[in-house]
Structure formats: C-alpha cells, structure tokens
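Residues per chain, in single letters:
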Amino acid sequence: PWENATGSEADATRLIGDLERVCIEEGLTLGRSEIAATHALADPADPTASAPEHARYDANARTIILDSTQPAPEQPVALLRALCEHLGYDSAPRDDTERKIRRAAAESAKYAIASLYGLAAEDQTFPYLVELADDEKAIGRVAAETHRRVKALLVHLDPLMRAKARSEGERKSKVAAAHG
C-alpha cells in the first residue's frame, strides 16, 4: 500500500489515520493537548538528551498524548514514535543501557515505518545508535527489538499481514479447541 508514497501531506494524513486505528486495536487512548516541546536538557553534550517529545506515552494509563501545537505533517511521526515505545514496553528498563537500547529500537522502528510513507524521521534515530555503537551485544538487541516493533506495526498496517495474522490466530484457536 506504500508504493506511491512521497512524504506528501496526504501521506502524513494517511499515516495518522492508520496510527489512530492502531491505537484503538492496541487498546490505547489517544489524546491531543499542548505539551512541552522538549524535555529538560540533562546533559548538553548528549544529543539524545534534548529529543523532542511531541507525543507522550503513559504505559500505566495506556494513553498517548499528541502535542496539538505541532504542524500536522509532524504529528504522525511523533505518534509513531510513541507507538513504537508502547510496542516495546513490558516493564521499566533495568538500567541505562537497556533504556538506550529501547529508545534506539523505538527510534529505528519509527524511521522504518515513516520511510514507508515517504516521511523523514531520522532526526533522533542515529544519535541513539551512535551511543551504543561500541557495544556489539547492545546493537544486536537493538536490531532484534527494532524488528519486533516493525513487525508488530506492519501486522496492523499492511492488509496482507493483517489477513495472515488473522488466519494464523484462527488456526491456533481451532487447534486449541480440538485439544482443550
């Protein structure tokens, strides 16, 4: 469904609509409000410390708040980042390395999906990867986590993958019913 995507305003509108549907399917509440454009700069030498937060994910409330003050073409990428964070969340990070791995994976998945729609999203992806570049094990975990998030989003976004996932789920239900 993305073969003609060029990053146009129509592509951004389509992505936000698709992501709103993903929020519903994931049981998330999506709200819009004015939120602070950036979080506090913890370390001026750290390029990831001033990452824009144009959407905030609250795992406990299962809510994403999208900054309504952002231009319309930027909102789907912000929402996509928050969804990628949600898809990788199972518990709080154990340490700073795990936090960096999760953020790098969320940013990388955001970049991959936004690229399908022709939208630019690399602004925060590469600084997170650079932070982990010397740790081969961490980079391997980033790759695995990125794959998991992209696959989860594509199951929601791609009609062929949705159909395949639905038929696989039906097959598993039939097998369980036959053995249960």
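Residues numbered from 1 in each chain as written. Predicted model: local features only at pLDDT ≥ 70, side-chain atom pairs only at ≥ 80, totals over all residues. Heavy atoms only, no water.

Peer 1: What is the right way to look at the pairing of strand β2 (residues 55-58) in this model?
Peer 2: Regular strands have side chains that alternate between both faces of the sheet. Burial along β2 is one-sided: the residues Ala55 and Tyr57 are buried and none of Arg56 and Asp58 is. Where β2 lies against strand β3 (residues 63-67), four bridges are found, and the strand directions are antiparallel. By the bridge assignment for β3, Ala55 is matched with Leu66. Connecting β2 to the next strand, β3, in antiparallel fashion are four residues, including Arg62 with a positive phi near 50 degrees. (Buried < 20%, exposed > 50% of the residue type's maximum accessible area, 1.4 Å probe, protein only. Helix = DSSP H or I, 4+ residues; strand = E, 2+ residues; numbered from the N terminus. Pairing = 2+ DSSP bridges.)

Peer 1: Any chance you could explain the side chain of Gln75 here in plain terms?
Peer 2: Tracing the sequence through the fold places Gln75 in helix α2 (residues 75-87). Sequence-distant contacts of Gln75, that is, excluding residues within four places in its chain, are made with Ile16, Arg32, Leu66, Asp67, Ser68 and Gln70. (Contact = heavy atoms within 4.5 Å.)

Peer 1: What exactly am I supposed to notice about the packing of α2 against helix α5 (residues 136-157) here?
Peer 2: Packed helices, taken two at a time, are described by their axes: the angle between them and the distance between them. Where α2 contacts α5, the two axes come as close as 9 Å, and the packing angle between them is 110 degrees. Here α2 is positioned roughly perpendicular relative to α5, judged by the angle of their axes. You can see that α2 and α5 cross each other, and the crossing is right-handed. On the side of α2, the interface is formed by Leu80, Cys84, Glu85 and Leu87, while α5 contributes Arg148, Arg149, Ala152 and Leu153. For the contact of α2 with α5, the class distribution of residues is five nonpolar, no polar and three charged. (Axes fitted to C-alpha atoms, helices over the stretch in contact; angles between N-to-C directions. Parallel < 35°, antiparallel > 145°, perpendicular 65-115°, else oblique. Left-handed = near helix turned anticlockwise from the far one by under 90°. Nonpolar A, V, L, I, M, F, W, Y, C, P; charged D, E, K, R; others polar.)

Peer 1: Sorry if this is basic, but what is going on with the environment of Arg99 here?
Peer 2: Following the sequence through the fold, Arg99 ends up in helix α3 (residues 96-116). At a separation of 2.9 Å, a polar atom in the side chain of Arg99 contacts the side chain of Asp96. (Polar contact = N/O pair within 3.5 Å; in protein donor to acceptor, adjacent residues only side chain to side chain.)

Peer 1: Help me understand the side chain of Glu98, please; the structure alone is not making it clear to me.
Peer 2: Along the chain, Glu98 turns up in helix α3. If we ignore the near neighbours within four places in the chain, the residues touching Glu98 are Pro93 and Arg141.

Peer 1: What is the right way to read the sheet that holds β2 from this model?
Peer 2: Strand pairing within a sheet occurs via backbone hydrogen bonds; the two strands may be parallel or antiparallel. The strand order across the open sheet built from three strands is β1-β3-β2, with neighbouring strands paired in mixed fashion. The strands lining the two open edges of the sheet, one partner per strand, are β1 (29-33) and β2. The sheet shows a mean angle of 20 degrees between the axes of neighbouring strands, taken without regard to direction. Relative to β3, β1 runs parallel, the two sharing five bridges. The residue of β3 that forms the bridge with Gly31 is Ile65. In the packing of α2 onto the sheet, the strands contacted are β1, β2 and β3, and the crossing angle to β2 comes to about 20 degrees.

Peer 1: Explanation requested: the packing of aromatic side chains in the structure shown.
Peer 2: The relative placement of two aromatic rings is captured by the distance of their centres and the angle of their planes. Taken as a whole and judged by the stated rule, the model has one aromatic pair. Between the aromatic rings of Tyr57 and Tyr89, the centroid separation amounts to 6.3 Å while the plane-to-plane angle is 70 degrees, which identifies the pairing as edge-to-face. In this pair, Tyr57 is assigned in strand β2 and Tyr89 in the loop between α2 and α3, connecting sequence segments 32 residues apart. The exposure class assigned to Tyr57 is buried, which follows from its relative accessible area of 14%. (Phe/Tyr/Trp six-rings, centres within 6.5 Å; stacked < 30°, edge-to-face > 60°.)

Peer 1: Help me understand unusual backbone geometry, please; the structure alone is not making it clear to me.
Peer 2: Trans is the common state for peptide bonds, and a negative phi is the common state for residues other than glycine. One non-glycine residue, Arg62, lies in positive phi territory at about 50 degrees. For Arg62, the location among the structural elements is in the loop between β2 and β3.

Peer 1: So what exactly am I meant to see when it comes to the pattern of salt bridges here?
Peer 2: Should the charged atoms of two oppositely charged side chains come close, the side chains can pair. All told, the structure shown has 12 salt bridges when counted by the stated rule. Note that Glu145 and Arg148 form a salt bridge whose closest N and O atoms lie 2.7 Å from each other. Of this pair, Glu145 and Arg148 are both found in helix α5, three residues apart, which corresponds to roughly one turn of the helix. Judged by its relative accessible area of 38%, Arg148 is partly exposed. A single network of salt bridges, built from pairs that share partners, joins Asp90, Arg94, Glu98 and Arg102. (Salt bridge = Lys/Arg side-chain N within 4 Å of Asp/Glu carboxyl O.)

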